[in-house]
Every structure is written in structure tokens, then in C-alpha cells.
Amino acid sequence: MCQKHENLKSNNKDLQEIEKKLDRRNFLTQTSLGLGAIALGSLLKAEKTFATSYTEAIGWPDNDSLLKSYNKNRLGLPHHVPKAKRVVYLFQSGGPSQLDMWDYKPKLKGMFGQDLPDSVRQGQRLTAMSAEQSNFPMAPSIFNFKQYGKSGAWASELLPHTAEMVDDLCIVKSMQTDQINHDPAITFMQTGNQLPGRPSIGSWLSYGFGSDNENLPTFITLITKNMGGQPLYSRLWGNGFLPTEHQGIQFRSGKDPVLYLSNPENYDGHDRKKMLHYLGQLNSLQYDTYGDPEINARMAQYEMAFRMQTSVPEVTDMSDEPDYIFDMYGEDSREPGTYAANCMMARKLLEKGVRFVQLYHQGWDQHIGCPGGLKRQNQLTDQANAALIRDLKQRGMLEDTLVIWGGEFGRTVYSQGELTQTNYGRDHHPKAFTMWMAGAGVKPGHIHGQTDDFGYNVIKDPVHVHDFHATLLHLCGVDHERLTFKHQGRRYRLTDVHGKVVKGILS
Amino acid sequence: MSRKPVFPLIVISFLGLMFSCNELELPDLVQQAYEELPREVDFNQEIKPILSDKCFICHGPDQAKVKAGLQLHLPELAFAELEGSPGKFAIKPGNLNKSQLVHRILSDDPEIMMPEPESHLKLSNHEKALLVKWINDGAEYKEHWAFTVPQTPPLPHVKLKEKVANPIDNFILAKLETESLQPNPKADKEILLRRLSFDLTGLPPSLKDIEVFVNDNSPDAYEKQVDRLLASPHFAEQMALDWMDLSRYADTHGYTVDRYRDVSPYRDWVIKAFNENIPYDQFIHWQLAGDLMNNPSKEQILATTFNRLHPQNQEGGIIDEEFRSEYVADRTNVVGEGFLGLTVACAKCHDHKYDPISQKNYYEMYSFFNNVNESGQISFDSSMPVPNMLLPTDEQEKFMTYVNGLVENKKKAAEHIAKSESKRAEQWVEIENYQKLKSKTWPSHLIAKVDFINGSLNNSLNPSEKGKMKRQHSPIQFPKIVEGYSGEGLELDGDSWLDLDHIGFFKRNQSFSIAIRLKVPEALENGVIFHKNIGTRLYSYRGYHLALKENKLEAMLAHVWPDNAIVEVSTTEIPKNEWMQLTMTYDGSSKAKGLKIYLDGEELKTNVQVDNLYKDIIYKMPSEPGLQIGARWRGKGIGGSVVDDILVFTKELTALEVVQISKAEKFQSIINKSANELTQAENKMLNEYYVSNFSKPYQLALNELAYTRRIQVDSLEGIPEIMVMKEMEEPRQTFILKQGQYNQYSERVYPNTPESILAFPDSLEKNRLGLAKWLTSKSNPLTARVAVNRYWKNIFGTGIVRTVEDFGNQGELPSHPKLLDWLAIQFIESGWNVKNLHKIIVMSNTYQQSSFTTEELLERDKMNRFLARGPSKRLSGEMLRNNVLAASGLLNKTIGGRSVKPYQPEGLWKINGATYKEDKGDKLYRRSMYTIWKRSVPHPTMATFDTPDRSFCSVRRQETNTPLQALVLMNDPTYIEASRVLGYNMLKFPDAKAAISDVFKRVTGRSIKKEELDLLIELQKHEYKKFRSMEYKTEGWLNTGEFRISDRDSKALVAANAVLASTIINSDAAITKR
């Protein structure tokens, strides 16, 4: 997306030329203000050429010497050869139970109902929801686990589809966070800080790289409709202190995928084009008086808005997807706004050059009725997750697309509330949980990290949220310590003052 | 790399220093930069920004992060011998060779070079040259400009005297002259009036305003407009809007479900304060410490809501203290950023990296705000968090005074009767009538008795009232019946409770008593015995309970814990492993004195922790919880205990009645005594017993008291509350929190302020009031500068200090330092007069200049820092909307009141489970500042234009330009509707030219130019033709929004006009304030 004119100031010679042109008063008069927008078009084209020059040409080389022969952008990005051109982050809001899906703990079977030993808990803080329980009876998963694929990764019966894909997944069983409640934990996971105010992952990437598509936002958010569950907040895809144009744009199912995208009813694109033509002329008269380049910069945004009015409905229209694709994602995918439909749309957006697609699926907060809740959640998501990976793979996109799946924390091994043979609840657990990644730059069919027999503590290769962020940025060609933004006198970064790239998962 | 001796240059410029540095070689590029340096290098202007930005991270004020023992922020530290390197110095003034710093910054050896490669910080050649020259010149340090008290500067002389309207112009022109720049001529009258109207009121001028001003040729025509606008209540609204960003004003709590709470009375007070132009120092005093003033008025207390506007968390599982400490920190940070223009928040986890603010300083400031009896987790039902203040209307106030008086009278009457009746009681005792009492019967008003006989959980007085075992989320639980005190009893597991359904519903005006027998295991120290709550903290303990707390007993009645409650704790511990009998009695008075705990018939001494219950203790939910025994949802129960003989009375039992139910044999022994054997205490008990049970007049008086109390309590329920500051009687102890972690206590600290700014004088109160006075003390170098700078920024678009929020070492230097000081001193001397300050600014010639610009000027001063032209800026999101509402005549100018819900796309609030229900009628057209502000989903009509989400103090908005903004202005129903109304109103004009000129002026504030008119006529014709032939295309233009046109025949014309109006609305002339 375009930016405030001032921010366009570039070190790139080509861009500087265009910037000068933009400043000139003859900009508007020489431009057809219908769809044409020559100057703007060329500006964006230049940015595009520039943005894609290294990515297209490098062909994912494995040495950094090649990188040096390409222009870095105004922020000096990429810092190294990126593996991931784009990212899709499937956020499972609420905290899915690692113990019932990925982190198989056979020894727990024999410990049904026993109190969680203090030696395991080690004084770790609990939420105010279960801290006062008089005991902490351990609840082994009631679901059957099996090993899958060449990698032999364990997965439970809840995941029949994703389990088939384990050889493409890099499963991290040793995730850790500092936060034990939803709001701070999800804010931490998405922005690197537990309190509101910091930019989200996608907005950092937007800030770092700009757009590969002149008609669509860089960073798009999709939320499964009608889920309820733990709340979401726009700050999770917000720009924090970064310029507003780096915020995630929520695409909604329904008539107006982007807020206010639709013209007044029956006033179509041709009508709007004509209106903008007049608006351009009116503004150029104003420019004659004031000579303010902001007038041109704003008109450029009207052009972009106009193009979005065409491109967004196009990209969100799934009607020309073939049946076999719908079948792959599952029946739900035919209904806009479902998780499956969003996964499919994510793929389409990525295809169109959107850099970061952030999905949210609520409902993973199984304090009670954990088995039943998980069944339902996985019915809504499992097939689509597997399909997305397959789909990206069959299009040759998986190798430069990073897919991330996970929530804000895991669940406790002990039952919150009563434990029975068929039912249990699980409280929030920050000290160990599972996420998986697939695609660009991560080892396929790999399992990283290990938890103890209780799935409570990480005993090997812990991955803290900051490390996860550092790694994510690394895969995108960014040194997390160098992508900074100065705000209130301080250089901020996604990883605050922490974070180590998790080398063990890099392919 | 080839190196040249720096010698020749030094010889030329600084002969005196030649011997000290003649052997140092500078790298080529540094040498080149060196040669381009000005003669004088200023520490504050050029050197410190480099040191701060590139060196302080390891060699600055943060003690804990100092590397190699070197700190460069103070000369005595920078010039000291290097730690572990005798005879070596980082900086040896005037001696480059002996200054390690110089070698380090010039080196490219990764082992030696500074900044270290890992820091990813780099010095440019220019910066290296500056540091070299500064050291060569003697490394003079100067105090940070912002920490020195402003001094009245002399007014600079300027050549263009005719361009001086007031002293502001002297400062601006003087700089323009040194830059060889010319100021612009005055702006066109129409343009100027629009600029002035938006800047002062946030609203456009009306056609009439424009006409009056344009036709007023008197010399003070402009000043008249200034005075008119400053006197307008809309000026106060615009000032309040600015304050809403600073004070992080929002209509919702911010975290998780992010629910609504009404704090609009505070916002309305702010409007009132600006309207009355109360001095800015007083404005700060009231907000920080109105509650601590002598006999504070309601308004003074209301002003302190300022400190409570931070986000608050309703999430069920959170750790209370974690968020409570966050709230205190937020209050501290607002003072830092909003008033001092400092990023003090950086010192929360460690000493400030750049500014002389230690972590200790931070927690000393924090301690001013740490004495609020509040909770980190607020009630899930959105009851107003505590402490709060009731906001009755005048009528309610009168009524309450009346009812309170009535209750007082009834209470006195009852006491009086009790006294007079005690004569009868004495007789009754004397004639030993008490001997007729039977020990086996229960006192009167017994409504429930659960004794577990035959394992029954039901009320044995009324078996249809059934008890049930329950547990969190597990509906089917079985009681464990064991041997009880007499017969069977119930053993508890700590997680399940006995729910007595609707037994035990008591309001705070009702007297009641609850008794229980129990046996508690040795190891159990905490757990609830009985209660009438939903959960524990989720609803802030609404209801009542008796609980074991660290082996003592805690009795509580709460509306919202911790402040709107009665909490008392026994002074002694309870016995374990043996049967005891506990009775809690309450007299309906809402006072701690009326809440008693008895152990085995003996009243326990208690410490009263809170005695401030002023709203009811029931839930206004469809399913009111009843009395529950032994555990609670998400709380700790009394696992391993056995309970028996639960009794519920609808009266306050007297001491003897408590003995009667707890120790029948003791009661028997008393009533068996002859009158002369009775002890004095027994006599008293019998006396009370008589009055309570046998005195008809006393019964009557009690009934009347109960009745009036009920009216009192019920009529209070509807009175709104607002969060305010209230100091705890005993201040909470404050500690430095390691890494800012809520539970990692370090050294204890006391209220104080950073010495580096201004030492806290002994004469001031060591509380918030003292802090407020310190802020506005004449010796405080920051508060006035920061305030005038913010107001300057509001008007000119950029502050004199561009970083409005940061006057510290990392902030930008002022463009006109002396002007800033002049304004600050003028502000203080005017009595902190905000209106006056605005008048001075807008009366300056600088402000009144035209904003037009040339390519050349843009090249010289793109950001308009020299102010050779007037300010121009995109209207804020609020102003843009106000503009079209005002232009179309839709604007509802009501001031204040609850926030409103104008048009908003459906479903936006769904992400956190809420529904946005649009208002109807004229509420749709209120000024933008009254649009409901939900922090987690801010209203897009404004948020798209950079309105901050108001989770934190914000003193400078971003200024962005995005396609989403274009979409709002083109398609948001607010804008479509306004376009239609404007288009409809055009029908009144006989010809298109007049109509278009009129609408153009309404929207842009200026007369249309011929070329513009020609263009728009063409547009209108084109659209009209289209709509005539394709009427269906008018649909959206005619039917978006509530307002409907009555003249259906003119559909095509109205639609065409609407497109025309919309085009003007989207044009620069409307969007930008010029």
C-alpha cells in the first residue's frame, strides 16, 4: 500500500526520480485520472520491479554472496537471502490442547487421576480459574495416537487429515510463552509484548518490505465467522506505532470484504471512474494554487482505492475455483467466512502477492468438556489445514511460503474441574505447547523440542515466543535485531531485546 | 584505507591545539566531513544527540547496563580514568590522541570499533567528525536544554517590522532572515477563517460567519473572529478532544471483552473546564489530586477520573496484582508523557537508557499512584470499578438527603425505644421470667435448617427447599455424608459445594444471621466456609461470605470488592480438628459495626479492613445465587472439613440467641440462674434478648427502620457511578519492581520526583497533590514548555519540539528554542491561561500567512519548520465528519452526555462478542468526538484517519494517507447521506451555478473559482443525464442513511447533486485545512 508522501523518500535512484516527478505540479495534468494514473502506475511498477528483482532473480540461492548483487530496499532489507516470500499464519485462538492433538504422552495413561506432582509443577503460576482447586488430577488424553509418514510423527485421531501431511510439517513441541491468560498471551504472540501498543508481526513485515501487489494490501486478516469464544481485538493485526498503512486489513465475508469498499448501490466502477476523473481535475486546480505535493499523493491513494474496488472483489470471488479444490478443503469451504473458505482464500491471496495472511479461528479454550470441544474444533479446521498445505504444494508455492499453525499457549495436563473417564477440562498452560510450521525454509517431517512425560515442562530445545518471532523474521530475510523502528526515542523491534533464531528447524 | 594527517586543518583553524592532536590521522571520508563542519559545534545541538542515540545504550544513565564502567552522559564520568586501564581515558578534552573514544569510533577493527558491530548502530562520517571536533575543542558539556528553567529571552530585532503582529513573529522572522527566507503574505480571508474555525472549534465556519468576516473591513475584523471562536463552547469541545487523546479517554475497558462503562461525566467536566478557561495548572491539580484538596467539591473529585481511564481487565483467569500494578504504571506514564514530555515509562524495567531517570525515580513517581483500593481484575458484569463516586442528579441528591435523614431518625427512634424498653426488660429479668425460656427451641425468624439427618441436604423446616451438591462445570455431584456434630454431617472436598438454591437471598438493608457447625482439618489455612457469590473475583465478591483466611475468619459483604464492601478479619485464629460453631450476624446497616462473627457463642474481635458498603450486595441477574457451603466456583473451599447444623435467620441474633444455638447447655445454665446470680454480662444479654424478642414497640421501630432502609438502598441502585481517586488510609508500600515484574520486589521507595528535573521540595505534600504542585511549580522546566508545545503542534501541525512526547535526550531539539521559552513563560505569567495562549498564537502574523508554497521553498523546507508559510494539514477524522455534518445542516450541536453510536458497518464488534446497535434520529449526527470509542475495535470512520485507539496517553497523532481513507470519504454512509442532503438542498436554487457555488462554499469554506465551477457544472450535467436515463443508479445515493428526500420527482437531480457534493467532499479543498 502507498504511504504518506514524506515516507516515500528513498535511497533508490529510480524511486527518487519518480518522487521528484510526483512533486511536480504537472503530475496531475499529465495524468489521466481514470484507471490510467501513469505516474502512480509507474511509481508502483518501479516499486514492484524493485521489490521483486531480488526475489525473482535469486531463485533461492544458498549463499549470501548472491544477495550482495541485488539492491536492498530503503531499510536495507532483506538482510540475507530470504526463504519465505510470504507467510500464512493460522492462528488458533484460545490455546489448543497439545496433549490431545500432537504431544503424545503414553505414560500418562497409568497416572489417570493422580495429583500432578509438585516436582513437575515447580511452583509455576496458575490462572485464577484453577489455582484454588484442591487437587490437580492428571488427565491423559482420551484420544488415540498413531505414528504417521516417514517421519513417524505422532498425531491423534482428531487430526486425520493433517496427520497425513506430517512429512511436510516441522512440529515444534517445545513452545513457551510468558503469559498465562488470553488477552496478554495472544497480544504477546502477535506483537511481542503482552500489553497493547506494539506493531503486529504482519505490520512489521509490511513495514519492512512494502507490497508485491499494487492492487491489494500487504497484510490481510481473515477471521472465521460466527465462532464466538475468546475475544479478538484489532490491535492483534494493528500497526502499533508504525505508520497506519502497515496495519492488517481485515477481509470480511459478505458484501464489503474491505470496509466501505462498495460504492453506493448501483453506482458502478465506470461511474466511479468518471467521478474520480472530475475529482482529479478539481484537485489539479487546487494544486495550481497551493503547489502542495500532498494533493498528488492523496489523489494517488484514490487511484489505489479505485483499483482495490476491482481487485478485492475479484480475489475474494471463489466461484471459479474448481470442484476438486472445494472438495479438498471440505464442504465448509463453499460457505464464505468459514475456516475452510478462509484457508482457500488465503491461498488465493498469497498467489496474488499478498505478503502476510493472518487467519484467526476462535474457540480453542477448552476449560470444560475438552474432548467434545476439540472434536468440534478439529472438524472445522483439520481438513482445511491439510488442504492448504497440499494446495500450496501442488502449485509449487510451498517452497517459498511459510505456513504457521498454533495458538497463544497450551493446556494443562491436569483437569480443570472434575475428571471422569470420558471428560475433563484443561486450563491454560504457558510452559509447553505445540505449534507447527511448513514450507519455506523449515525442515519438513521434523520434530523440534521435547516435553517431559507430563507434557508440562520442556526438557529439550525450548522455543520462546521471542525465538519464534526471530525465526519467522529470519525466514523472511530479516535479522530481527536490525528491523527496528524509532519511537519515543527508542528503537523498537518485534523481539524487544530478546529472541534467538531457532537454527534447529531451518532446512 | 589511506589516512591523512589532520594536522593541516588543525593548524589553520585551531592553532592552540596543534600539539595535542597533530599526530592523529582521520580516515579520508571523516577528514572530508571534518572540513565541512561549521566553526562551532554545539553540545546540545550536535553532540548529545549522537552520544544519546549511539552510545548511551551501553554508556549512558542505565547503571545496570554500563559496559566497561564507562558512562558518557556526564562530564565527570566521561573524563574519568577508564576502569581497569590506569592512565587511559575515554575522553581527554582537547587531546584526540589520548581520547580512547576517538580511536574507537575511527577504528574498523570489529574488536575495537564503537559502536560495537552487534549493536547494529553506526556512526556516519559526519557524526565521527563532529565527535572528533568536539573533543578537540575541549569536549564542553552543557546541561540538557529541556531540564533548565526557561528564561525570558530578549525579543529578536527583525527587518520586516510590518510583519510583526506579536512577539511570536519576532522569533519566526529572525530565523527566516538568517535562512534568507521570506514570509508568505496573509492568507485569503475565507481560507483563514476556515483554518481558524477548525483549529479553535473543530468545526467549519458557517456561510454567515464567512459573510460577516469577508464584509468586515475594520482593522480588528480578524480579532473579532478569534474572540468569537474562543468564546464558543465548541472551542472547549475541541480542547477536550485533544485532552481525550492525552488522557486516553475511551468508552470501554480495553482488554478482552472490552465492555462499555460510562465516563462521559469526566469528559463533560473537561469541556466545562475549558469553557470556563480554568488555569492549566489548576486543571492539572484537580485531575491529579482533586480528591486531596481541602473539602473537595464533587467536581474536583470527578476530575480525578483522569487517573482511572487506563484500560482495565475483566478476563477471568488473570492474576489480580499483575494488572493492578499495570494500572499504577499507566498513571505514572501519563504524567511522564502528557505533562513532562518524557518517556519515563522506559525506566519501569531498568534505569532510563537515555535520560537521567533511574528505575528508582520511576517507582518513586509510581508510589504517588499506588494507594488506590482497587483491583486488577474488574467485575465481569461491568459494574463500575472501585473506588468510585456516585453521580446523582440534583433531584436524586435531594431525595437521598431526605431518605438518609429519615433512616437516621428511624435508627435513633429504634435505639431510643430499645433504651426505654430496657426498663421492662429489667423487670422481666428481675422477676426471673427468663427461666421460662426453653433451651431446646430455636430463636425466632429461623427460615432454614440443614442438619443432614438421614443424609438429607434439604431445609428440614421446608423439605421442598432442596439442597444440591455442585461443582464447577460438573453438575452431578454426590454428597459425602459422614458422622456429624449430632447425627450425620457433610464432608467437603474443597471443590464441590452445597448449594441451598434460593435460601439466603439478602439485600444489604436486610438483617440476617447464618450459623454453621464445622470441623476443619489441621492443615487447612484458607477456604470459603459459606457464601452467596458467583465465583470469587469474577464478580468482585458481590454478595457475602464467611471464609477461613490464614487461619482467621474473614466476614465480607460486597457490592464491588475491594472498596465498595465491608471486610473484617478476626484477630484470633480458629481451633482445628475439633467441632466449632460459627455465627455471622448482620443488622442491615451497611456498616462494619453491624457485622459480627461469633465462635462458639463468643463474639470475636475483628480488624475492620474496609467499611464502605454503599451499593447492594445482590446480583441483578435472572438467576440470583443463594447460600452455598464449603467451596465456590474458581475458588478455594474447605476440603476435608465436615459441616453440620446450618441455620439461617432473617434477623440479627442477639448474643444470647447465638449462645442458644451454639451452646445449648450454656444457655440452659444462664436461664436456670436466679436473678441475683446473673453476671453483669448475662444481665445485659438477657436484657437485649427481651427487647429483641418481646418488645412490640421495638419490633415496630425495627420494621419501620427496615422499611426506610429498603427505600434508601433501592433508590441508590439507579444512581450512576464513576471511577475516581481515593487515597487508602494507610498507603500501600511501594517497592522497585525488578524488570518491572509485579511480584519481584526490590528496594522500598517513597513518593519523590526525579532530581534531574527538579528536586521535590520539602514544603510540598508527599502525595499526588504535592506532585501536582511540583509539576506546575515555576521552577519546573518542563510542564509549561510541554503544554505550549502541544498546543502549538495542534495549530501548526508540528511542535516547536517535533517530538511532542519526548523532550529528553532522544527527542528532537526545538526549532525555535527561544520562542518556546517565551511562550512557556508567557503562559505561566498569564496564569496558565489556555485561551490567552491560543489567542496569542493565532493572532501572530506567522499563523495568518498563506500556506501556498513553491517548489523552491519545498526544497528548502519541506516540513515547514521555518514557517515561511502558514500551516496546512489534512483535517482530522473527527473534523472531516464534522465538516460534512455541519455543511449539510445535519450536525446536532448538543454538548456532552453519553457517547453515541452513528453508522458503522455491521458485525465489527463481533470479534469480541458484542453487538453494535446504531442510534436513530439526531444522535446519528452528533459531533465526532461523541462517537462511542471502543478500544479494541475503534470506529472506522475516525480510526482510519489516525485517531489513536486510546489505550495509552497519546499526544501526537500519526499523519497517514491511505486508500482506506479514500474509501471512507467516498462510501461511508455518513458521507453519502451528507452528500445527498447537500444535493437535495441544492434544489432550492433557481440555477445550477448558484447551487453549486453554495454547496462548494458550505463544504470548503471558500468561494468557488470559475474553472472549478465550469468543471463541476459539467460533472453535474453528466451525472444528471446518466441518472435520468438509468434511474436505478440513483438507488444507493438516495437510500443510504436515515435521511430521506421527500421530493421523489427529483430523484435524478438529487442523485446528480449528491455526486457533485461528494466530489467536493473528496477534494483537497475540503479535506485539507489550508
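Described below are features of the structure shown in this document. (Residues numbered from 1 in each chain as written. Chains lettered and ligands numbered in written order. Predicted model: local features only at pLDDT ≥ 70, side-chain atom pairs only at ≥ 80, totals over all residues. Heavy atoms only, no water.)

1. Concerning the overall build of chain B
Piece 1. When helices and strands are tallied, chain B shows 37 helices and 24 strands.
Piece 2. In terms of overall dimensions, chain B has C-alpha extents of about 115 × 95 × 55 Å along its principal axes.
Piece 3. Counting across all 1074 residues of chain B, residues that qualify as buried make up 61%.
Piece 4. When contacts within chain B are restricted to residue pairs at least 6 apart in sequence, those whose partners lie at least 24 apart make up 71%.
Piece 5. When the accessible surface of chain B is split by element, carbon and sulfur atoms take 51% of a total near 41800 Å². (Helix = DSSP H or I, 4+ residues; strand = E, 2+ residues; numbered from the N terminus. Buried < 20%, exposed > 50% of the residue type's maximum accessible area, 1.4 Å probe, protein only. Contact = heavy atoms within 4.5 Å. Areas by Shrake-Rupley, 256 points an atom, 1.4 Å probe, with all protein chains shown as cover.)

2. Some remarks on the nonpolar core
For soluble globular proteins, nonpolar side chains are generally found buried alongside one another.
Piece 1. Counting residues in hydrophobic clusters, the biggest one holds 127 residues, and the most contacted among them are W243(B), Y266(B), W269(B), Y280(B), L288(B), F339(B) and W792(B).
Piece 2. Setting aside residues no more than four positions away along its own chain, F339(B) makes contact with W243(B), L246(B), Y280(B), I284(B), L288(B), F306(B), V334(B), L775(B), L782(B), T783(B) and V786(B). (Core = buried A, V, L, I, M, F, W, Y, C linked by side-chain atoms within 4.5 Å.)

3. What to know about the pattern of salt bridges
Piece 1. Under the counting rule described, the total for this entry stands at 88 salt bridges over all chains.
Piece 2. Between D137(B) and K133(B) there is a salt bridge whose closest N-O contact spans 3.2 Å.
Piece 3. By relative accessible area, which is 2% here, K133(B) ends up buried.
Piece 4. K1073(B) is paired through a salt bridge with D199(B); the nearest N and O atoms lie 2.5 Å apart. Note that K1073(B) is positioned in strand β24 (residues 1072-1073) and D199(B) in helix α9 (residues 189-201), a separation of 874 residues in sequence. Per residue, the accessibility class of K1073(B) equals that of D199(B), and both read buried.
Piece 5. Members of the salt-bridge network, linked through shared partners, are D268(A), D271(A), E1023(B), K1026(B) and K1033(B). (Salt bridge = Lys/Arg side-chain N within 4 Å of Asp/Glu carboxyl O.)

4. Regarding the environment of D919(B)
All names here are of chain B.
Piece 1. Tracing the backbone through its elements, the reader meets D919 in the loop between α29 (877-888) and α30 (940-943).
Piece 2. Taking the C-alpha atoms as reference points, D919 and V900, 19 residues apart in sequence, are found 6.9 Å from one another.
Piece 3. Engagement of the side chain of D919 in a polar contact is seen with the backbone nitrogen of K901, the distance being 2.7 Å. (Polar contact = N/O pair within 3.5 Å; in protein donor to acceptor, adjacent residues only side chain to side chain.)

5. Focus: unusual backbone geometry
Residues and elements named next belong to chain B.
Piece 1. V386 connects to P387 through a cis peptide bond whose omega is -10°.
Piece 2. Note on placement: P387 falls in the loop between α17 (359-367) and β3 (388-390).
Piece 3. A cis amide bond links W561 with the next residue in sequence, P562, at an omega value of 5°.
Piece 4. Phi is positive for S382, which is not a glycine, with a value near 65°.

6. Topic: the sheet that holds strand β5 (residues 468-471) of chain B
All names here are of chain B.
Piece 1. Overall, antiparallel pairing links the eight strands, which are arranged β5-β8-β18-β10-β11-β12-β13-β17 in an open sheet. Only two strands of the sheet have a single partner each, and these edge strands are β5 and β17 (606-611).
Piece 2. Across five bridges, strand β13 (residues 564-570) lies against β17 in antiparallel orientation. Counted as the bridge partner of V567 is V610 from β17. (Pairing = 2+ DSSP bridges.)

7. Focus on the interface of chain A and chain B
Piece 1. Counting residues at the interface gives 96 residues for chain A and 105 residues for chain B.
Piece 2. Summed over both sides, the interface between chain A and chain B buries roughly 8300 Å², with carbon and sulfur atoms accounting for 55% of that surface.
Piece 3. In this structure, the salt-bridge partner of K1026(B) is D271(A), at a minimum N-O distance of 2.9 Å.
Piece 4. Seen at the junction of chain A and chain B, the total is 48 residue pairs in polar contact (both at pLDDT 80 or more).
Piece 5. Put simply, the parts of the chain that give the side of chain A that touches chain B at least two residues each are α8 (182-191), α10 (269-290), α11 (293-316) and β17 (490-492) of chain A.
Piece 6. Take the side of chain A that touches chain B: its biggest share by element is 14 residues, from α10(A).
Piece 7. Broken down by class, the residue content of the side of chain A that touches chain B amounts to 39 nonpolar, 33 polar and 24 charged. (Buried area = accessible area lost by both parts, 1.4 Å probe. Nonpolar A, V, L, I, M, F, W, Y, C, P; charged D, E, K, R; others polar.)

8. Focus: the side chain of N361(B)
Piece 1. Position of N361(B) relative to the elements: it lies in helix α17.
Piece 2. Residues within four places of N361(B) in sequence aside, it is in contact with P356(B) and P754(B).

9. Points about a nonpolar patch on the surface
Residues and elements named next belong to chain B.
Piece 1. Residues F399, Y402, Y707 and I711 make up a contiguous nonpolar surface patch of about 430 Å² in total accessible area.
Piece 2. Listed by contribution, the elements that provide at least two residues to the nonpolar patch are α18 (394-430) and α22 (696-717).
Piece 3. Here I711 shows up in helix α22.
Piece 4. Classification of I711 by relative accessible area gives partly exposed; the value is 31%. (Patch = residues over 30% accessible without salt bridge, like charges linked within 9 Å, V, L, I, M, F, W, Y side chains within 5 Å.)

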